[in-house]
Amino acid sequence: MKPLTKTENQIIEYIRNYDTPTISNSLELLDSSLRSKGHTQKTMHCLNPKLKPIIGFAKTAIITSTKKKNTNIIKNRDKYYEYMFDGKFPKICVIEDKDKSNTIGAWWGELNASIHLNFGFKGAITNGAMRDLQEIDKKFQILSGEIRVGHGYNQIHKINCEVNIFNMKVKPNDLIHADFHGAVIIKREYLKELPNLIKRMIKKENIIFNFLKKNKNFSKKQFVEKYKEFLNFK
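For the structure given in this document, a descriptive report is provided here.

Rules behind the numbers
- Residues numbered from 1 in each chain as written.
- Predicted model: local features only at pLDDT ≥ 70, side-chain atom pairs only at ≥ 80, totals over all residues.
- Heavy atoms only, no water.
- Buried < 20%, exposed > 50% of the residue type's maximum accessible area, 1.4 Å probe, protein only.
- Helix = DSSP H or I, 4+ residues; strand = E, 2+ residues; numbered from the N terminus.
- Arc of directions from axis to C-beta.
- Contact = heavy atoms within 4.5 Å.
- Salt bridge = Lys/Arg side-chain N within 4 Å of Asp/Glu carboxyl O.
- Pairing = 2+ DSSP bridges.
- Patch = residues over 30% accessible without salt bridge, like charges linked within 9 Å, V, L, I, M, F, W, Y side chains within 5 Å.
- Areas by Shrake-Rupley, 256 points an atom, 1.4 Å probe, with all protein chains shown as cover.
- Axes fitted to C-alpha atoms, helices over the stretch in contact; angles between N-to-C directions.
- Parallel < 35°, antiparallel > 145°, perpendicular 65-115°, else oblique.
- Left-handed = near helix turned anticlockwise from the far one by under 90°.
- Nonpolar A, V, L, I, M, F, W, Y, C, P; charged D, E, K, R; others polar.

1. Some points on helix H4 (residues 110-118)
By the burial criterion, the buried members of H4 are Asn-112, Ala-113 and His-116. Looking straight down H4, one finds that the buried residues subtend no more than 100° of arc, so they occupy a single side. Residues Leu-111 and Asn-118 are exposed on H4 and point more than 90 degrees away from its buried face. On the buried face of H4, the contacting elements are helix H3 (77-85), strand S3 (91-97), strand S4 (106-108) and strand S5 (121-126). Positive backbone phi, approximately 100°, marks Gly-120, located one or two places after H4.

2. Things to note about the pattern of salt bridges
Under the counting rule described, the total for this entry stands at 9 salt bridges. Its salt-bridge partner being Lys-68, residue Asp-99 comes within 3.0 Å of it at the nearest N-O pair. You can see Asp-99 sitting in the loop between S3 and S4 and its partner Lys-68 sitting in the loop between strand S2 (54-64) and H3, a full 31 residues away along the chain. Residue classification places Asp-99 among the buried residues on the basis of a relative accessible area of 10%. With a closest N to O distance of 3.2 Å, Lys-139 and Asp-137 form a salt bridge. Residue Lys-139 is classed as exposed on the basis of its relative accessible area, which comes to 58%. By relative accessible area, Asp-137 is classed as partly exposed at 31%.

3. What to know about the pairing of strand S7 (residues 141-144)
In S7, alternate side chains face the same way, and those of Gln-141 and Leu-143 on one face and Ile-142 and Ser-144 on the other are all buried. Note that strand S1 (residues 45-46) and S7 share 2 bridges and pair antiparallel. Bridged to His-45 within S7 is Ser-144. Sheet topology places S5 next to S7; 3 bridges connect them, and they run parallel.

4. Let's talk about the sheet that holds strand S6 (residues 129-130)
An order of S4-S6-S8 is seen for the 3 strands of this open sheet, with the pairing classed as parallel. Strands at the two margins of the open sheet, each flanked by one partner only, are S4 and strand S8 (146-147). Here S4 pairs with S6 via 2 bridges, running parallel. If you follow Trp-108 over to S6, its bridge partner there is Met-130.

5. So, the environment of Ile-63
Structurally, the position occupied by Ile-63 is in strand S2. Non-local contacts of Ile-63, meaning those with residues more than four positions away in its chain, are made with Ile-95, Glu-96, Asp-97, Lys-98, Trp-107, Asn-154, Gln-155, Ile-156 and His-157.

6. Quick word on a nonpolar patch on the surface
Taken together, the side chains of Ile-73, Ile-74, Ile-104 and Tyr-153 make up a nonpolar region of the molecular surface, amounting to roughly 360 Å² of accessible area. Along the chain, Ile-73 falls in the loop between S2 and H3.

7. Points about unusual backbone geometry
For Asp-132, which is not glycine, the phi torsion reads 55° and is therefore positive. Within the secondary structure, Asp-132 is located in the loop between S6 and S7. The exposure class assigned to Asp-132 is partly exposed, which follows from its relative accessible area of 27%. We note that Asn-173 has phi near 75°; this positive angle belongs to a residue other than glycine. If you trace the backbone, Asn-173 turns up in the loop between strand S11 (168-170) and strand S12 (175-179).

8. A look at the packing of helix H5 (residues 194-214) against helix H6 (residues 220-231)
Where H5 meets H6, the closest approach of the two axes is 9 Å, and the angle between their N-to-C directions is 165°. Taken together, the axis directions place H5 and H6 in an arrangement best described as roughly antiparallel. The interaxial crossing formed by H5 with H6 has right-handed handedness. Residue-level inspection shows Lys-204, Glu-205, Ile-207, Ile-208 and Phe-211 of H5 in contact with H6, the latter providing Gln-222, Phe-223, Lys-226, Tyr-227, Glu-229 and Phe-230. Among the residues making up the contact of H5 with H6, the classes are represented as 6 nonpolar, 1 polar and 4 charged.

Here it is in structure tokens:
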């Protein structure tokens, strides 16, 4: 992966001050098709909702947690950890559990969270499960689809591959912004434009917020005219 520039690092720190819906809305100003893709589309469990947003490049894997014929829970784990260890850039682990609603076990618990935190990960995103919620380091964020008691028969099937987390299709090294709302992908070529997009989006929303704040007894006509200004903002 191409190393981050000084400017990109500064932008990443800047956008950590904004929640994920703000980032999603801002990206829509650049590409309206992002209204319906590029972000998670289901309510997720958030381990540490008070943490600031996490931002990092995706390291990906596909697992299952139910017992299959010829189950081998040890297979591919050395390759998985070698892959996850590599890379000094900010990382988010993105794991698709192919069992989906039949997930019986959690890949994410105190042990794996501690390992990945020490590998340099900001957090993890999965449609699968997590557990050990009180024991996991409070600096590590996890968004999961499920919460489970056990770890089941977690098996690693693929690494460094495209994954799908509640309709968010993630490729290795995609840049992700995530908080307790969910996650959104930021195309790297959009990164330099993002601070100005955020300012534009806030300016647009302030058309309505400022109107409501300053006008306590407005008419329907006044509001409709102001809303037209909001809709036509460029």
